[in-house]
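So you can see what is in the structure, the chains are spelled out below.
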Amino acid sequence: MKCSRCHEEAVIYYPQSRQALCAEHLKEYIERKVKRAIERFKMLKRGEKVLVAVSGGKDSLMLWEILVDMGYDTEGLYIDLGLGEYSKSSEEYSRGFAEERDLTLRIVRVKEDHGIDIVAAAKRLRRPTCSVCGTVKRYIMNREAVEAGRVLATGHNMDDEASTLLGNLLTWNGEQLLRASPSLPSTHPKLARRIKPLIYVSERESATYCFSHGIKYIIPECPYSEGARLSVVKEALSKIEDRSPGSLLNFVDGFYRKSEGILCRRNGGIKEGVELKPCPLCGYLTSSSGPCAFCRLKSLFSSGE
Ligand code: AMP
Ligand code: FES
Ligand code: ZN
Ligand code: ZN
């Protein structure tokens, strides 16, 4: 099949518009979607520097390449979560990507740099590994972005956003719904601005982009992934999208546009009424009256325990 805009071989087909795109026109199309998200949600001002959190997966690596090509000043951040082969392999893909393009990649090692063993901590606290991992990732991403004076960009794509939104609707998790936003402002010097420039880009588009532009990425899911419930939601959404292409885009875009102004995202994504205080140990913000969740995890592994 030929590209609908030139005579090159197509790499992707859109049944809804009956358009096919070649690798270069797909890139142009994705860049337009990223630009639209950045402008619509006022994600970045000209000259603002970005820290792209990369997991070695297709979305975050593609996002990094696109932001570089759009002219943004970027650095990458890879967090070694210490999850065995999975972490080793994700790091190789992230490093390989950065080295090939001569880009700066910061690497933070949760075990070596902070003394936290995520799997052991989860066992001791009887919490799911994913939940401890989430606490650690959020803390490190925020801290690194604040210290670098950069806006934090993550690779959450349209399918991720749609399944999170639908998952939260199914359980009426109003709390999470109210705080969701593709662009959270910094409301405190210790809180980085956080953005999701890929909210209009589907998983299919980023996989096709990486494949057709030579980006090598990690394919297996994290072995501790708690995806059971979320994957049912993802499957359902993918069926809806197959039957009625464009539904996910309408769902995600509609939610964020219609909810603009009503929701409490002006509060930097923090629950209304919650007062954040500096953690007595690290100085980053916490809602708890003592040390923050990250410092509490660290203390599990400090000597004498
Ligand atoms: P996930 O929560 O695994 O779906 O990942 C969502 C986003 O978080 C990714 O697109 C990345 O931007 C970021 N991310 C996930 N894992 C890491 C990691 N180990 N290091 C840096 N960023 C990450
Ligand atoms: Fe953190 Fe899976 S990536 S537990
Ligand atoms: Zn073309
Ligand atoms: Zn702390």
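Structural data are supplied above this passage.
Reading the values: the criteria
Residues numbered from 1 in each chain as written. Chains lettered and ligands numbered in written order. Predicted model: local features only at pLDDT ≥ 70, side-chain atom pairs only at ≥ 80, totals over all residues. Heavy atoms only, no water. Helix = DSSP H or I, 4+ residues; strand = E, 2+ residues; numbered from the N terminus. Buried < 20%, exposed > 50% of the residue type's maximum accessible area, 1.4 Å probe, protein only. Contact = heavy atoms within 4.5 Å. Areas by Shrake-Rupley, 256 points an atom, 1.4 Å probe, with all protein chains shown as cover. Lys, Arg positive; Asp, Glu negative; His and termini not counted. Charge placed at Lys NZ, Arg CZ, Asp CG, Glu CD. Phe/Tyr/Trp six-rings, centres within 6.5 Å; stacked < 30°, edge-to-face > 60°. Donors = N, O, S within 2.8 Å, 3.2 Å for Na, K, Ca; no water. Tetrahedral: all angles 85-135°; square planar, octahedral: opposite > 155°, others 65-115°. Near = heavy atom within 4 Å. Polar contact = N/O pair within 3.5 Å; in protein donor to acceptor, adjacent residues only side chain to side chain. Pairing = 2+ DSSP bridges. Axes fitted to C-alpha atoms, helices over the stretch in contact; angles between N-to-C directions. Parallel < 35°, antiparallel > 145°, perpendicular 65-115°, else oblique. Left-handed = near helix turned anticlockwise from the far one by under 90°. Core = buried A, V, L, I, M, F, W, Y, C linked by side-chain atoms within 4.5 Å.

### Some words on the overall build of the protein
Here is step 1: The helix and strand tally for the protein stands at 12 helices and 10 strands.
Here is step 2: Looking at the 305 residues of the protein, the share that counts as buried comes to 47%.
Here is step 3: Long-range contacts, defined as pairs at least 24 residues apart, comprise 69% of the intrachain contacts of the protein with a sequence gap of at least 6.
Here is step 4: Just so you have it, the protein exposes about 15,700 Å², and 51% of that area is on carbon and sulfur atoms.
Here is step 5: Of the charged side chains in the protein, 47 are positive and 40 negative, and the gap between their average positions amounts to 6 Å.

### Details of the packing of aromatic side chains
Here is step 1: By the definition in use, this model includes six aromatic pairs.
Here is step 2: Taken together, a centroid distance of 5.5 Å and an interplanar angle of 85 degrees make the contact between Y14 and Y29 edge-to-face. Of this pair, Y14 sits in strand 1 (residues 12-14) while Y29 sits in helix 1 (residues 23-40), placing them 15 residues apart in sequence.
Here is step 3: We classify Y14 as buried; its relative accessible area is 13%.
Here is step 4: Note on Y29: relative accessible area 24%, which makes it partly exposed.
Here is step 5: Relative to Y256, the ring of F255 has its centre 5.3 Å away and its plane inclined at 75 degrees; by these criteria the two rings are edge-to-face.

### So, the coordination of the zinc ion (ligand 4)
Here is step 1: Here the zinc ion (ligand 4) is held by C279 (SG), C282 (SG), C292 (SG) and C295 (SG), and the distances to it run 2.3 Å.
Here is step 2: Geometry at the zinc ion (ligand 4) is tetrahedral, judged from its four donor atoms and the angles of 105 to 115 degrees they form at the metal.
Here is step 3: The sequence pattern describing where the donors of the zinc ion (ligand 4) fall on their chain is C-x2-C-x9-C-x2-C. Here C282 is found in the loop between strand 9 (277-278) and strand 10 (285-286), whereas its partner C295 is found in helix 12 (residues 293-300), with 13 residues between them in sequence.
Here is step 4: Exposure remark for C295: the relative accessible area of 8% places this residue in the buried category.

### Describing the environment of L170
Here is step 1: Looking at the secondary structure, you find L170 in helix 7 (residues 158-170).
Here is step 2: Put simply, L170 and L248 are 78 residues apart on the chain and 16 Å apart in space, counted from C-alpha to C-alpha.

### Remarks on the site of ligand 1
Here is step 1: Close contacts around ligand 1 come from 13 residues, with A53, V54, L77, I79 and G155 the closest.
Here is step 2: A distance of 3.2 Å is found between a nitrogen atom of ligand 1 and a backbone nitrogen or oxygen belonging to V54.
Here is step 3: Take I79: an N or O atom from its main chain is 2.9 Å from a nitrogen atom of ligand 1.
Here is step 4: For ligand 1, whose free accessible area comes to 480 Å², the fraction covered by protein is 76%.
Here is step 5: The leading source of residues in the shell around ligand 1 is strand 4 (residues 74-80), at three residues.

### Things to note about the coordination of the zinc ion (ligand 3)
Here is step 1: Around the zinc ion (ligand 3), the protein supplies C3 (SG), C6 (SG), C22 (SG) and H25 (ND1) as donor atoms, at distances of 2.0 to 2.3 Å.
Here is step 2: Given four donor atoms and angles of 101 to 115 degrees at the metal, the environment of the zinc ion (ligand 3) is assigned as tetrahedral.
Here is step 3: Counting residues between consecutive donors of the zinc ion (ligand 3) along the chain gives the motif C-x2-C-x15-C-x2-H. Highlighted residues: C6 in the segment before strand 1 and H25 in helix 1, separated in sequence by 19 residues.
Here is step 4: Overall, H25 belongs to the buried group, its relative accessible area being 16%.

### Description of the sheet that holds strand 7 (residues 183-184)
Two strands in a sheet stick together by hydrogen bonds in their backbones, pointing the same way (parallel) or opposite ways (antiparallel).
Here is step 1: Judged by pairing direction, the sheet is mixed, and its six strands sit side by side in the order 5-4-3-6-8-7 without closing on themselves. Looking along the sheet, the strands with just one partner apiece sit at the ends: strand 5 (105-109) and strand 7.
Here is step 2: Across two bridges, the pairing between strand 6 (residues 151-153) and strand 8 (residues 194-195) is parallel. When the sheet's bridge partners are listed, A153 is paired in strand 8 with I195.

### Structural notes on the packing of helix 6 (residues 129-148) against helix 12
The geometry of a pair of packed helices is captured by two quantities: the angle between their axes and the separation between those axes.
Here is step 1: Two elements in contact, helix 6 and helix 12, have axes whose closest approach is 9 Å; the angle formed by their N-to-C orientations is 120 degrees. As summarised for this structure, helix 6 and helix 12 are arranged oblique, according to the angle between their axes. Helix-helix and strand crossings are classified by hand; for helix 6 and helix 12 the assignment is left-handed. Contact residues: helix 6 offers V132, T135, V136, Y139 and I140, while helix 12 offers A293, F294 and L297.

### A look at the nonpolar core
Here is step 1: Formed by 47 residues in total, the largest nonpolar core has its most connected members in I30, V34, L44, M62 and L67.
Here is step 2: In terms of residue count, helix 2 (residues 58-69) provides more of this core than any other element does, six residues in total.
Here is step 3: Those residues within four positions of V34 in sequence are excluded, and the remaining contacts are I66, L67, M70, P197, L198 and V201.
Here is step 4: Counting 32 residues, the second largest nonpolar core, distinct from the first, contains I79, V132, V146 and A192.

Interpretation in functional terms is not warranted from these geometric data alone.
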